[in-house]
Amino acid sequence: MARSVLERYGGFPFLSRVVMAFYDKVLDSDVLAPYFEDVDMRRLIDHQTKFVAFLMGGPASYTNEHLAQVHARMGIDRPAFEVMIATMRETLEDFEMDDGDVASVIHELRVRAPWIIAAPGQPAAAAG
Amino acid sequence: MDLDRFNRLLLESAGVGLALADPESLAIAFANPRFTEWFPSCEDTGSRLDELLVGLDVERMRSRIADDRPYRVELELKANRRTMTVAVDVKRHQGDGSDLLVVECQNITKLKELEYMVESYSKMVERQNRDLRKEKERVEKLLLNIMPRTIYEEWKEFGVTAPQRFDRAAVLMLDFVSSTDMDIAADPPALVAELNDIFTSFDRIVEQFGGERLKTIGDAYMAVCGVPEPGADDPRNIARIALRIVRYLHRRNATQANQWICRIGINAGPVVGSIIGVQKYVYDIFGPGVGLAARLEALAAPMEITLAEDLYDLIRDDVTVHERGEVELKGFGTKRIYTLEGMSDLAISSHDDW
């Protein structure tokens, strides 16, 4: 069986550094941070750990319905989603991830857009 | 630079939040810049420790301090859109004519974030392990349906199993006389359900006497005692199983519309047991022990159990039989054959007993 991205980069030690860095960047971003203002830190970290592990082929599974449910009330719009993609890409690059692997993780993220963005194609009002 | 000035600089630039409070009134007497940054309202006149640090258990703090022990608590606060976790240590300092509470606050946000992440990840891994374990159990259960446990253990450990010879395996072959005559077209699912029910009952009887069901082919059923672990009682056990199967069918037929009439051949003889197949595994036995059992089954009258001298000689003291004389059996020469009628604990000679 082919090894997942997460396995090839060393599993949890790698994941934890990526998630921490990503979490910091998200909360430092003027566009993204407002979405998480009222989210409990424990829940946010739990979700990000599972979701990033999932994107890298780790031991988590998200159905599209579950993703939609998690993001339903957040009202994420397309521009915010694009900032999130750019932030993730930057984080992975910071950890010297191979271009092909970055592309694969970003692809995994991008195909889930319909279940993360509140109203695809329509600029929704940013929360917060 | 004098020591006072150095100490003041240290206090102001430290990453640790420091404050002094009155042990009785809890009024803040002093706060360094870091403490003020985290708890801005401490600059208000008369602000008290218990008002600033929401979540502080004043009773517990006072009792700890009375015991001359530090009080420690973790508090969450919002700073610049982020949730910060601060570890607060409160100690009492007495001396030099002063009596104060020293409040020391450390930013442990990163530690907390990491803690939550480890928690989240370990739950994920535990869940995955649980799923894998379940899957493994499911596969194991399936494999145990097609091979005995000891063979499975060997196969699991070494990836292969060596064919084994058993000199005196006790084999039972059963076939139904009438099931092919039943009206299969009328209700196939019902027929299959009945057969399933019957074979399940056979399995229980076989298990009860330490035997192993090897396979079913259509409505034929094959079981063995002494494979893969031979025991002294195998020949007697195969006779016990055969008798109980016949009794079970008699009882069942008495109350059901479909009559299931079997023929049974039992034998004890040499067989080879092995896993057959590369992609599709099945544990099977073959050899003269099996061949003779099949011949004997064909010779059995409906609802009767046939055995030959090979097995009879091993269990003659424990069974009652009806001798049927010598018969020429293809591939086995001339054999004296018998119909099994009963054993000390179960007789089927009189049908009134059913």
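On a predicted model such as this, the values are computed, not experimentally measured, just so you know.

Turning next to the nonpolar core. Of all hydrophobic cores here, the largest spans 46 residues; its most connected members are Phe-51, Met-56, Phe-81, Met-88, Leu-92, Met-97 and Leu-109 of chain A. When residues of this core are traced back to their parent elements, those giving at least two are α1 (5-8), α2 (12-28), α3 (41-55), α5 (78-94), α6 (99-110) and α7 (113-116) of chain A together with α5 (109-146) of chain B. At nine residues, the largest contribution of residues to this core is made by α2 of chain A. Not counting residues up to four positions away in its chain, the partners in contact with Met-88 of chain A are Phe-22, Val-52, Leu-55, Ile-106 and Leu-109 of chain A. Formed by 40 residues, the second largest nonpolar core is a distinct cluster that contains Ile-205, Ala-268, Leu-346 and Ile-348 of chain B.

Each side of the interface is counted separately: chain A has 23 residues, and chain B has 19 residues. Of the roughly 2,100 Å² buried at the junction of chain A and chain B (both faces included), carbon and sulfur atoms supply 63%. The three residues of chain A that bury the most area against chain B are Met-20, Met-41 and Pro-59 of chain A, which together make up 31% of that side's buried surface. Scanning the region where chain A abuts chain B turns up four salt bridges. With a closest N to O distance of 3.7 Å, Asp-28 of chain A and Arg-82 of chain B form a salt bridge. Connecting chain A to chain B are five residue pairs in polar contact (both at pLDDT 80 or more). Among the secondary structure elements, those contributing two or more residues to the side of chain A that touches chain B are α2 and α3 of chain A. A per-element tally of the side of chain A that touches chain B places α2 of chain A first, with nine residues.

Two faces, one strand: in a regular strand the side chains alternate between the faces of the sheet. All names here are of chain B. Relative to strand β4 (residues 82-95), strand β3 (residues 71-79) runs antiparallel, the two being bridged by nine bridges. Paired with Glu-76 across the strands is Thr-85, a residue of β4. Taking the residues between adjacent antiparallel strands as the criterion, β3 and β4 are bridged by two residues, where Asn-80 takes a positive phi near 50°. Pairing geometry for β4 and strand β5 (residues 98-107), over 10 bridges, is antiparallel. Considered in β5, the bridge of His-93 is made with Leu-100. Hairpin connection, β4 to β5: the antiparallel pair is bridged by two residues, and Asp-96 has positive phi, about 50°.

Reported here for the largest pocket is a volume of approximately 1,000 Å³. Every element with two or more residues in the lining of the largest pocket is listed here: α2, α3, α4 (64-71) and α5 of chain A together with α5 of chain B. At eight residues, the largest contribution of residues to the lining of the largest pocket is made by α3 of chain A. Split into classes, the residues belonging to the lining of the largest pocket amount to 23 nonpolar, nine polar and 10 charged. Its boundaries defined by the atoms lining it, the second largest pocket holds a volume of some 520 Å³. Around the second largest pocket, the lining comprises 25 residues; the ones closest to its centre are Leu-144, Glu-207, Gly-211, Glu-212 and Arg-213 of chain B. Within the residue set of the lining of the second largest pocket, elements represented by two or more residues are α5, α6 (149-158), α7 (188-208), β7 (212-217) and α8 (234-255) of chain B. When residues of the lining of the second largest pocket are assigned to their parent elements, the largest contribution, five residues, is made by α7 of chain B.

Calculation notes
- Residues numbered from 1 in each chain as written.
- Chains lettered and ligands numbered in written order.
- Predicted model: local features only at pLDDT ≥ 70, side-chain atom pairs only at ≥ 80, totals over all residues.
- Heavy atoms only, no water.
- Core = buried A, V, L, I, M, F, W, Y, C linked by side-chain atoms within 4.5 Å.
- Buried < 20%, exposed > 50% of the residue type's maximum accessible area, 1.4 Å probe, protein only.
- Helix = DSSP H or I, 4+ residues; strand = E, 2+ residues; numbered from the N terminus.
- Contact = heavy atoms within 4.5 Å.
- Buried area = accessible area lost by both parts, 1.4 Å probe.
- Salt bridge = Lys/Arg side-chain N within 4 Å of Asp/Glu carboxyl O.
- Polar contact = N/O pair within 3.5 Å; in protein donor to acceptor, adjacent residues only side chain to side chain.
- Pairing = 2+ DSSP bridges.
- 1 Å grid on protein atoms, 1.4 Å probe; cavity = no way out; pocket = protein on both sides within 12 Å on 5 of 7 lines; lining within 4 Å.
- Points joined across faces, edges and corners; volume = space filled by probe spheres on them.
- Nonpolar A, V, L, I, M, F, W, Y, C, P; charged D, E, K, R; others polar.

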